[in-house]
Amino acid sequence: MLRQVLQAGLGGSFHALGRFVASHPVFFASAPMLLSILLGASFSRYRVEENVEYLLAPKHSLAKIEGNLVESLFPVNRSKHALYSDLQTPGRYGRVIVTARKGSVLDPVHLDTILTLHRRLYQMQVTVPASSASSFNYSFSSLCLPDDNNACIIDDIIRSMQGIQAARAANHTPPPLKYPITRLADGRQAYIGHQLGGVQGWGPMAKGDGVRSARALQLTYYLQAHTSLMDKVAGQWEMAFCAELQHFGAAHPKLGLYPSTSSSLRTDFQQSSVLARRPLLISLGLCSVLAVLCCSMRDCVRAKPWLGLLALLSITLSGLTAAGILNLTGATYNSTYLGIPFVMLGHGLFGSFEMLSSWRRTREDQHVKDRVAAVFEDVMLRFSGSTLLHLTALGLAASPLTNMEAVRLFCRTASLGVAVGYVYTLSLYGSCLVFTGYLETGYRHGCFCRRVPKPERLDAKPAWYRCLMYTRYEEETAGPHASPLQGAHGNSHVTHSTAAHMHAHPHSHPHMQPHVHAGAAPPLSALGPDPHPHPQDSHLLLGCMRRCYGDWITNTYVKPFVVLLYLVYISFGLMGFMQVTQGSDPSALVAMDTATVLYARAQQRYFSSYSPVIGFYIYESAPYWNASVQRDLLEYTKGFQRISWLESYLGYLSELNQSTSQPRHNFTRTLRLHFLRQPRYAHFADDIIFAERGAGEEPEVAASRVFLVAKTTENKREEMSVLLDTLRRLSLTSRVRFLIFNPSFVYLDRYAAAVGWPLRHSLLAVLFLLGLASLALVEPLVAAWLGLTLLSVQFGVVGFMTLWGVELDCVSVLCLISTLGHAADCSAPLLCGFAGGRGESRTRWVRVALERHGVASLQALLCYAAALAPVACVRSNLTRTIFRCLALAAGCSALHTLAFLPTLLTFLPPAKSKDAPGGRGPGSPRQEVECVEMNDSTRVVDQITTV
């Protein structure tokens, strides 16, 4: 009873709203357009988000806290003797991987060329500002990180190569170059595992034997950016750095150069938006053409080609309005927003085509206001429910609880776009439906708005004119399924007075059609196929769905194959679901053929043998002089490639024949006054922080650091994630308080939870909303079927997405969240139409539901697919992820709506009664009463009552 009361109340409200919109069509058509134009002027405030780490890294993670602690203890500029900047966020830098097309980069010809490149980069100058009397020239020497002697810190491999070149010039034997840790001319050890790649040695590399050849070399140039001016100059130097490498590479084709700078990731991430501009315009054009074709019919009066374009115009203006609101509120744009137009397009197209389908089911002799009100009453309750599902799924993911900023911003913007699109569909598209209704009532051409001549006048016209102006007048459509057009030739009007839920008997009076409320299920006898021509059969998709597809998909011999297809669908979905992988690499979300992608490929190919440099930080005072603590620290770092001050200091004590276990005073004094003053150990001063204890007391080691490098395989990021978790668990049980950090950890830390949480909880929220609605608004079985459909579609999309090579990252999760609403848009009308029917058989009502709602879903899916197709051509990893996920969502939704559900509903609940609702039993006779009053333009002709 509560469900009936609520449905009746909401239906009456939408009926009144439809009549109100039909009464003021000019206002509801002009107000949204004017608002869009006004808000479109706000694009002067358009801003792009430049912090990629802010978007793609988990917002609340332990790695960010650890990074702040590391930066406070060991600032980047405090590293004077060795480049430990890779341990922290490096700031501004220029980096290049040099590869040899043939031979080794250590061959004399390549080595001399690389050193020439180094000198050119070192001496390269940039002018800031570019054209001004007060311009200054800045070279790398004025921007670089200096050491204690105010000389630029350069990579250790450069010093080694300079030594090799000098030895060869003097006809001396070059000094041995070991890998991955070598000894420099000044006696100190240097790690070159990230500076030489593709290394082949004279013996096993694990033993640190000499390098025979190397395929790649990596050079890094770190810049200072303390002030805004220095940051601007450093940015200019990075641009000049890339340009210089491009010219140098063109002049030396035997070398391959792959540059990367601190701004490469940001630039290449936004490059996807630039590349997608033209394909998006092509998508809009293709969708417009297909929307016009889907709304066209053989009957030129009942065709609505302009409504297809107006639906796209409504969606476009709603997107412009939403963008204007975001610009006025100070929001920023990023490339993940490329998926939002497709979220709005899918939802808007389903609503628009459902309204058009409902319009075709209304009586043509009714006034336009009554027809629009009936359309609103029939469609808007379902459309509002699907909009609420969209807003629930997107709104929960847009809450502050979401730990991924890109996901939160996308869902917030998409939910705003869906809400504005819903209002524009009610107002702008509803008013357009009113205008086209008046054209239909006046027998005007649906495209050219020209009045169609009467049949007798049309026969005298040429054949092309008759084909163009073909329509069915009331004389042609007279029959059990036709009603005259009000206001056309012959002003007969038919009104019906019938009791609620009573069915008219079609065989009593063949020229009388019972009144069918737009929001209720009409009797099947008035909807079934018949030998007489139907005015709407001139619509190709509707005629095929009514006469061919509905009968075929519900055929007894077809059902087993559809069930088998569903089992195959589930099997492949499960296969992919078990292989889901995380995609936490930001370089996988940028445009293809860019510096970031090319550099990442070269690094993966030549430098994947070792992990990034991991900082091992002991951030509290520890008894380093204790033998047990020394054993623990050496055990923790065992198995890593490392250069440790503690390990070197203990070796130094052993060389002096001193015990490594000493009193604190002696241990610290020897460390400060003897060990760190040795030239080959002086660089370890950057790794130790001493704290004063008091007057006359020896300072103690307050904090220290060691760098570690792990041996890795091809799955470097997965191994780094496992290593991070292992070392963190070890830090909780260790007597020494330590932490580990690398800039890449901010993308790895809690990434699975940050990505999976919005998707999982959005799905639970949608299912909870369906369960809550089943208590008061929708049929429980409809909610159950819709929930199972959403789960099945989501499961299939995740599985097939993995089989298609898409990883679970923030972009794919965004598409999966929007899939929930898309699947509900597609399948909810079919389920509601099937569950609302009474009498006849399940198969019969499946065919009716397909005829009423399957065509609208098919039209929307066709236009949506046409809009998606050009996106596949964009050379961007981000857009390809969006295309694959959205294409799979549309495909799985179409399969469920047009194949799986029509088949399963024919033999699964809900059951259909064989009798009408008023029947008294299976064999009881059924009485139907109908009172029909027939009017013409002048007087009441007759009143007939039939029992």
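Note that the structure is a prediction, hence the values are computed from the model and not measured. (Residues numbered from 1 in each chain as written. Predicted model: local features only at pLDDT ≥ 70, side-chain atom pairs only at ≥ 80, totals over all residues. Heavy atoms only, no water.)

For the protein, the helix and strand inventory stands at 29 helices and 16 strands. Across the 947 residues in the protein, those meeting the buried criterion constitute 53%. In the protein, the proportion of contacts linking residues at least 24 apart, taken out of those at least 6 apart, comes to 77%. When the accessible surface of the protein is split by element, carbon and sulfur atoms take 59% of a total near 41400 Å². (Helix = DSSP H or I, 4+ residues; strand = E, 2+ residues; numbered from the N terminus. Buried < 20%, exposed > 50% of the residue type's maximum accessible area, 1.4 Å probe, protein only. Contact = heavy atoms within 4.5 Å. Areas by Shrake-Rupley, 256 points an atom, 1.4 Å probe, with all protein chains shown as cover.)

Moving on, we get to the packing of aromatic side chains. Any two aromatic rings considered together are summarised by their centre-to-centre distance and by the angle between their planes. Scanning the model with the defined rule gives 35 aromatic pairs in all. Over the ring of Tyr465 we find Lys461; its NZ or CZ atom is 5.6 Å from the centre of that ring. (Phe/Tyr/Trp six-rings, centres within 6.5 Å; stacked < 30°, edge-to-face > 60°. Lys NZ or Arg CZ within 6 Å of the ring centre and 35° of its normal.)

What follows deals with the state of the cysteines. Following the criterion strictly, the structure yields 1 disulfide and no others. Two residues, Cys144 and Cys152, share a disulfide whose sulfurs are 1.8 Å apart. In this structure, the disulfide formed by Cys144 and Cys152 twists by about -75 degrees around the S-S bond and is classed as left-handed. Taken as a pair, Cys144 and Cys152 share a single burial class, namely buried. Cysteine Cys300 shares no disulfide, and the gap to the nearest cysteine sulfur, in Cys467, comes to 9.7 Å. Looking at the unpaired Cys544, the closest cysteine sulfur is the one in Cys548, lying at 5.4 Å. Exposure remark for Cys544: the relative accessible area of 35% places this residue in the partly exposed category. (Disulfide = S-S within 2.5 Å.)

On to helix α22 (residues 664-675). For α22, spanning 12 residues, the distance from its first C-alpha to its last is 15 Å, which sits close to the expected 16 Å at 1.5 Å a residue. At its buried positions, α22 is contacted by α20 (627-636), α21 (645-655), β12 (688-691) and β13 (700-709). (Expected span 1.5 Å × (residues − 1).)

Relative to the helices and strands, Asp365 resides in the loop between α12 (340-361) and α13 (368-397). Overall, Asp365 belongs to the buried group, its relative accessible area being 1%. Among the polar contacts made by the side chain of Asp365, one reaches the side chain of Arg363 at a distance of 2.8 Å. (Polar contact = N/O pair within 3.5 Å; in protein donor to acceptor, adjacent residues only side chain to side chain.)

Residue Pro180 is bonded to the preceding Tyr179 through a cis peptide linkage, with omega at 5 degrees. Note on placement: Pro180 falls in the loop between α7 (156-169) and β4 (181-183). In this model, Tyr443 sits at a positive phi of 55 degrees, which is unusual for a non-glycine residue. By the element assignment, Tyr443 lies in the loop between α14 (405-441) and α15 (455-458). The class of Tyr443 is buried, set by a relative accessible area of 1%. Of note, Cys449 is a non-glycine position whose phi angle comes to about 65 degrees, a positive value.

Attention shifts here to the pairing of strand β8 (residues 255-261). Within β8, 6 of the 7 residues are buried, which leaves the element mostly enclosed by the surrounding structure. As defined by bridge partners, strand β1 (residues 93-100) adjoins β8 across 7 bridges and the pair is classed as antiparallel. Paired with Val96 across the strands is Pro259, a residue of β8. (Pairing = 2+ DSSP bridges.)

Spatially, 4 strands are ordered β6-β7-β1-β8 in an open sheet, and the strand pairing comes out antiparallel. For this open sheet the edge positions go to β6 (196-201) and β8, each flanked by a neighbour on one side alone. Going from strand to strand, the sheet's axes swing by 20 degrees on average, the running direction of each strand aside. Bridge analysis of β1 against strand β7 (residues 211-222) gives 7 bridges, and the strand direction is antiparallel. What sits directly across from Val98, in β7, is Leu217. The strands touched by helix α8 (residues 228-251) within the sheet are β1, β7 and β8, with β8 carrying the most contacts at an inclination of about 170 degrees. (Axes fitted to C-alpha atoms, helices over the stretch in contact; angles between N-to-C directions.)

Next up on the list: the pattern of salt bridges. For the structure on display, the rule yields 28 salt bridges. Note that Glu647 is salt-bridged to Arg642, the shortest N-O span being 2.9 Å. One salt bridge in this structure joins Arg693 and Glu700, with 3.2 Å as the shortest N-O distance. Members of the salt-bridge network, linked through shared partners, are Glu354, Arg361, Asp378 and Arg382. (Salt bridge = Lys/Arg side-chain N within 4 Å of Asp/Glu carboxyl O.)

Attention now goes to helix α19 (residues 595-606). Three or four residues apart is the spacing at which side chains of an α-helix point the same way, because the helix has 3.6 residues per turn. The terminal C-alpha atoms of α19 lie 16 Å apart, and with 12 residues this matches the ideal 16 Å at 1.5 Å per residue to within 8%. For α19, the secondary structure elements touched by its buried residues are β1, β6, β7, β8, α9 (264-275) and α29 (877-904).

This part is about the environment of Phe745. Within the secondary structure, Phe745 sits in helix α24 (residues 745-748). Residue classification places Phe745 among the buried positions, given a relative accessible area of 1%. Sequence separation of Phe745 and Ala63 is 682 residues, and the distance between their C-alpha atoms is 6.0 Å.

Once that is clear, we can look at a nonpolar patch on the surface. Among the surface-exposed residues, Leu564, Leu567, Val568, Phe572, Met575 and Leu803 lie close enough to one another that they form a single nonpolar patch of about 520 Å² accessible area. With 5 residues, the top contributor of residues to the nonpolar patch is helix α18 (residues 559-577). Take Val568: its relative accessible area is 36%, and that puts it in the partly exposed class. (Patch = residues over 30% accessible without salt bridge, like charges linked within 9 Å, V, L, I, M, F, W, Y side chains within 5 Å.)

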